[in-house]
Amino acid sequence: MAFESLSDRLSDIFQNLSGKGKLSEEDVNLALKEVRMALLEADVNFKLVKDFIAKVKESAIGEEVFSSLSPAQTVIKIVRDELTKMMGEENTELKLRPQSEITVLMMVGLQGAGKTTTAAKLAGKFQKQHRKPLLVACDIYRPAAIEQLRVNAEKLSIPFFSLGNQVKPEEIAKKAYEEAKAKGYNLLILDTAGRLQIDDALMEELKRMKSAVPVDWTILTVDAMTGQEAVNVAESFSKEVGVNGVILSKCDGDTRGGAALSIKAMTGQPILYLGMGEKLSDLEPFYPDRMAGRILGMGDVLSLIEKAQSEMDEEKAKESVRKLSKGQFNYDDFLDQMNQLQKLGGIAGILKMLPGMNKAMQGIDLEDSEKKMKQVKSMIQSMTFKERANPKLMNPSRKKRIAQGAGVDIAEVNKLVKQFEEMQKMMKQFGGSMKGKHGGFPGMGMGKNPFGRGGGFPF
Amino acid sequence: MANIFTKILNNIFQSNEVADEAFYEELEEAMILSDVSYSSCMRIIDAVKHEANQRGVNLTRDVQKILKDYILDLMMVEEGYYAFEQEKSIISVIGVNGVGKTTSIGKLAYHLKKKGKKVILAAADTFRAGAIEQLVEWGNRVGVDVIHQKEGSDPAAVVFDALQSFKAKNADVLIIDTAGRLHNKKNLMQELGKINRIIDREFAEGYRETLVVLDATTGQNAMSQAKLFKECSQVTGVILSKMDSTAKGGMALSIQAELGLPVKYMGTGERVENLQRFDAKRYVEDIFDLH
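None of the values given here were measured: they were computed from a predicted structure. (Residues numbered from 1 in each chain as written. Chains lettered and ligands numbered in written order. Predicted model: local features only at pLDDT ≥ 70, side-chain atom pairs only at ≥ 80, totals over all residues.)

**Description of the overall build of chain A**
Thought 1: The secondary structure content of chain A amounts to 20 helices and eight strands.
Thought 2: When burial is assessed residue by residue, chain A has 42% of its 459 residues classed as buried.
Thought 3: The long-range share in chain A, meaning contacts at least 24 apart out of those at least 6 apart in sequence, stands at 76%. (Helix = DSSP H or I, 4+ residues; strand = E, 2+ residues; numbered from the N terminus. Buried ≥ 20, exposed ≤ 12 C-beta atoms within 10 Å, placed from the backbone. Contact = placed C-beta atoms within 7 Å.)

**Brief notes about the overall build of chain B**
Thought 1: When its secondary structure is counted, chain B shows eleven helices and eight strands.
Thought 2: Taking 19 Å as the expected radius of gyration for a compact globule of 291 residues, we find that chain B reaches 21 Å, a close match to that expectation.
Thought 3: The C-alpha extent of chain B, read off along each of the three principal axes, is 65 × 40 × 35 Å.
Thought 4: Of the contacts made within chain B by residues no fewer than 6 positions apart, 75% connect residues no fewer than 24 positions apart. (Rg over C-alpha atoms; globule rule 2.2 N^0.38 Å.)

**Looking at the UniProt feature "domain: SRP54-type proteins GTP-binding" (unreviewed entry) in chain B**
Thought 1: Feature annotation in UniProt assigns "domain: SRP54-type proteins GTP-binding" (unreviewed entry) to the following positions: residues 262-275 of chain B.
Thought 2: The straight-line gap between the two end C-alpha atoms of residues 262-275 of chain B is 16 Å; of that span, 0% is helix and 43% is strand. (UniProt positions renumbered as here; feature names shortened; annotations may be inferred.)

**A look at the pairing of strand S2 (residues 133-137) of chain A**
Residues and elements named next belong to chain A.
Thought 1: Taking burial as the measure, the five residues of S2 include five buried ones, the bulk of the element.
Thought 2: Neither face of S2 is left uncovered, since the one carrying Pro133, Leu135 and Ala137 and the one carrying Leu134 and Val136 both have all their residues buried.
Thought 3: Of the crossover connections in this fold, the one passing from S2 over helix H6 (residues 145-155) to the parallel strand S3 (residues 160-161) is right-handed. (Right-handed = clockwise from strand over helix to strand, strands pointing away.)

**Focus on the interface of chain A and chain B**
Thought 1: Contacts between the two partners involve 35 residues from chain A, matched on the other side by 35 residues from chain B.
Thought 2: Those elements that provide at least two residues to the side of chain A that touches chain B are helix H2 (25-41), helix H3 (46-60) and H6 of chain A.
Thought 3: Per-element tally for the side of chain A that touches chain B: the top contributor is H6(A), with four residues.
Thought 4: Of the residues assigned to the side of chain A that touches chain B, the class counts are twelve nonpolar, twelve polar and eleven charged. (Nonpolar A, V, L, I, M, F, W, Y, C, P; charged D, E, K, R; others polar.)

**Considerations on the nonpolar core**
Thought 1: A:Val136, A:Leu188 and B:Leu121 are the most contacted members of the largest nonpolar core, which has 176 residues in total.
Thought 2: Excluding anything up to four places from it in sequence, B:Leu121 contacts B:Ile105, B:Ala109, B:Leu135, B:Gly139, B:Val144, B:Val146, B:Ile147, B:Ile175 and B:Asp177.
Thought 3: Grouped together as the second largest cluster of nonpolar side chains are twelve residues, A:Phe334, A:Val376, A:Met379 and A:Phe420 included. (Core = buried A, V, L, I, M, F, W, Y, C linked by C-beta atoms within 7 Å.)

**What to know about the UniProt feature "domain: SRP54-type proteins GTP-binding" (unreviewed entry) in chain A**
Thought 1: Following the UniProt record, one finds the feature "domain: SRP54-type proteins GTP-binding" (unreviewed entry) at residues 270-283 of chain A.
Thought 2: Each end of residues 270-283 of chain A is marked by a C-alpha atom, and these two atoms are 15 Å apart; helix forms 0% of the span and strand 43%.

**Some words on the domain arrangement of chain B**
Residues and elements named next belong to chain B.
Thought 1: Domain annotation of chain B identifies domain 1 (2-75) and domain 2 (83-288).
Thought 2: Computed over C-alpha atoms, the centres of domain 1 and domain 2 are 33 Å apart.
Thought 3: Contact residues are listed per partner, giving 13 residues for domain 1 and 20 residues for domain 2.
Thought 4: The set of elements that each furnish at least two residues to the side of domain 1 that touches domain 2 consists of helix H2 (21-33) and helix H4 (60-75). (Domains from an automatic or database assignment.)

**Some remarks on unusual backbone geometry**
Thought 1: You will see that A:His130, though not glycine, has its phi angle at about 65°, which is positive.
Thought 2: By the secondary structure assignment, A:His130 is in the loop between helix H5 (115-128) and S2.
Thought 3: The backbone phi angle of B:Asp35 is positive, close to 75°, even though this residue is not glycine.
Thought 4: Within the fold, B:Asp35 resides in the loop between H2 and helix H3 (38-55).

**What to know about the packing of helix H9 (residues 230-240) of chain A against helix H10 (residues 259-267) of chain A**
Residue and element names in this part refer to chain A.
Thought 1: For the pair H9 and H10, the least separation of the axes is 8 Å and the interaxial angle reads 30°. As the angle between them shows, H9 and H10 are arranged roughly parallel. As H9 runs across H10, the sense of the crossing is right-handed. Residues Ala230, Val231, Ala234, Glu235 and Ser238 of H9 pack against Ala259, Ser262, Ile263, Met266 and Thr267 of H10. (Axes fitted to C-alpha atoms, helices over the stretch in contact; angles between N-to-C directions. Parallel < 35°, antiparallel > 145°, perpendicular 65-115°, else oblique. Left-handed = near helix turned anticlockwise from the far one by under 90°.)

**Remarks on the sheet that holds strand S5 (residues 207-215) of chain B**
All names here are of chain B.
Thought 1: Read across the open sheet, the eight strands follow the order S3-S2-S4-S1-S5-S6-S7-S8; overall the sheet is mixed. The open sheet has two edge strands with one neighbour each: strand S3 (145-147) and strand S8 (275-277). The sheet shows a mean angle of 25° between the axes of neighbouring strands, taken without regard to direction.
Thought 2: Two strands pair when backbone bridges link them, and strand S2 (residues 119-124) and strand S4 (residues 173-178) are joined in this way by six bridges, in the parallel orientation. When the sheet's bridge partners are listed, Ile120 is paired in S4 with Leu174.
Thought 3: Across the sheet, helix H6 (residues 131-142) is in contact with S2, S3 and S4; its angle to S2 comes to roughly 170°.
Thought 4: Helix-sheet contacts for helix H10 (residues 251-259) involve S5, strand S6 (237-241) and strand S7 (263-267), and the interaxial angle to S6 is about 175°. (Pairing = 2+ DSSP bridges.)

**Some words on helix H11 (residues 280-288) of chain B**
Thought 1: Turning to H11(B), its buried residues are B:Tyr283, B:Ile287 and B:Phe288. For H11(B), the buried positions fall inside an angular range of 120° around the axis, keeping them on one side. (Arc of directions from axis to C-beta.)

**Looking at the sheet that holds strand S6 (residues 245-249) of chain A**
All names here are of chain A.
Thought 1: Taken in spatial order, the eight strands of this open sheet run S3-S2-S4-S1-S5-S6-S7-S8, and their pairing is mixed. The sheet terminates laterally at S3 and strand S8 (283-285), the two strands that pair on one side only.
Thought 2: Inspection of the sheet shows strand S7 (residues 271-275) paired to S8 by three bridges, in the antiparallel sense. When the sheet's bridge partners are listed, Leu274 is paired in S8 with Glu284.

**Topic: the packing of H3(A) against helix H4 (residues 71-87) of chain A**
Residues and elements named next belong to chain A.
Thought 1: Their axes nearest at 10 Å, the elements H3 and H4 cross at an angle of 130°. Looking at the two axes, H3 sits oblique to H4. Note on packing geometry: the crossing formed by H3 with H4 is right-handed. Contact residues: H3 offers Lys55, Val56, Ser59 and Ala60, while H4 offers Val75, Ile78, Val79 and Glu82.
Thought 2: Counted by class, the contact of H3 with H4 contains five nonpolar, one polar and two charged residues.

**Considering the pairing of strand S1 (residues 89-94) of chain B**
Residue and element names in this part refer to chain B.
Thought 1: Across the six residues of S1, six count as buried, placing the element largely inside the fold.
Thought 2: Here S1 pairs with S4 via five bridges, running parallel. Note on S4: the bridge partner recorded for Ser89 is Val173.
Thought 3: Bridge analysis of S1 against S5 gives six bridges, and the strand direction is parallel. Residue Ile91 lies in a different strand from S5, and its bridge partner there is Glu209.

**Re H3(B)**
Residues and elements named next belong to chain B.
Thought 1: The first and last C-alpha atoms of H3 sit 26 Å apart over 18 residues, in line with the 26 Å expected at 1.5 Å per residue.
Thought 2: Those residues of H3 that fall on the buried side of the exposure criterion are Ser40, Cys41, Ile44 and Val48. Down the axis of H3, the smallest arc covering the buried residues is 100°, so these residues share one side. Pointing more than 90 degrees away from the buried face of H3 are the exposed residues Asp46, His50, Asn53 and Gln54.
Thought 3: Each element contacted by the buried residues of H3 is listed here: H2, H4 and H10.
Thought 4: Two residues or fewer past H3, Gly56 is found with a positive phi of approximately 70°. (Expected span 1.5 Å × (residues − 1).)

Structure representation (structure tokens):
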């Protein structure tokens, strides 16, 4: 599916409009049509989209176009701010009772939403914070649900409690609570049966569990990929059993996660964490502004900018530019660039944060790229300082030594040298056009990456 | 909310009013609330408008008929879709975690066993905790053999074992439960590729079927899933699970329209018998609540 980023689409629309001082109703309507499509493609509920568009329209018409922003960016800013507001503005964390008391968490959600995995992740998270969790298997219906929880508990070395599948869930919860009291566990996590919300019998069971033990947090786990149905799921759990926190699971894929908005709107409760898949360590805090960007298909540019600002060494960058424009780029500079790139989370890390890249990435063999990058690094590190500073020194016997040092075939070294020379040539041309500008970082200029150009570097 | 809306829509459909823009907007709403993608939705509405123009009709009930026929035609179950039920078949089932993959396999095994077939299951999803146990449990329920090794073992080795058992016992159908880890396409392709090579080597004459399980409650991401699996494997059809939820599974329509993958079965409940061949008529009626 072509999830072209909203910013790209809006830029197209507004191409002919730059220079206008205010957004006219016509401009806004045109832009909001695209926003609407973006939201629907992200699975935000139809009704919510309608309300949202109406609201944004009101605040956007007549809005001054900021001098620093294009009209497209102005609309995006308004839309994004409004979305963030709807999502709860700030990040909320799960608050537990003091260590001396038992906190009870009850996990609820549809079948396949990822409750069991999330339960284990929560236990792991709080165990790291020196809590004493006990994972309790109350899903007595799904074949092997108990087994799944037991295996996950074992992997994290977390105590596990089960009475098999013949005892009623509310009984299991009660016994587990007693066990916790007796053995000094202070975080009880109840994994309940998955259900389709139309199942009244199971909803009743949840209510009975809630009256059997003092539940502090009823946590609804929702699959981030849920479609229009998310509204109904959130509404019925909220109404039937009461929910006071939400975890959005399976956020590791390329899903835009519009369900987050629907759930927030229906439950009014905070989204606590994002689940990132099967690995038991991955539970991330929820940032409304970032989620807003993701839903709009704009990637996490904000995080990237933040990261780039905090990680990049500006002095080094400037030095690189200076050398570049003089055509003095050597292996040391190259190594520096690669190190900077890795600080930002490697190629994969950067690409993931860029809009539209999830799709584009599917054609790229990232693992391979990272591997090659490591290989190149080890080759450069096998060079002497002189060789690094003066690439012209390279000769066959030096190459042979480098190949041995890096544990690669000499052909790889030859390839590196050849590509480096080509890159130098390209950089010289590129550098020429950079004269007078400053602050840019040559190897990393998004979209102008000389490594990525034809005949450029292999990653 | 959806219910109130569909009631209104039903009224619109039954009346003899002229189909105006508001009417088409409501059609759009009904489709989007069923998780039909925005682009498919626009395409279908354009096609319907065009057809209505061609025929020179503009009453809502006529347009309704055109729409229904259009979707029915698109989703129609064709002859040959179920040929594998009659052959010596190797069925690979793929799907991301949580879509009801293992459950669908259990039910498919029951469906085929009822037809008098000797079925064997292979637990080649060796990654997810509890997946093997779950399949074994289903095997017990249905009364078919499950070939399995321990968690973390090589899926291809499990398939190899299963094929030996398949031949030795002269079984009719082998259903392979494979892992569907979407976030790493390369590993997924390698894993599926290896399994396919084993099948080619050990039982090339078998009829091959590859079914993707999609969760009816999934929204637009189901399209990405289907697309990726299609790139990794020769997918021949879709099992649409959880059709007993209140979700309508409208993305299956987009997947058929845009990727040409037909829905072959739908899962409608927890019990072993809750797997049916896809019923296009019922599906259309579900989307527009025209019962």
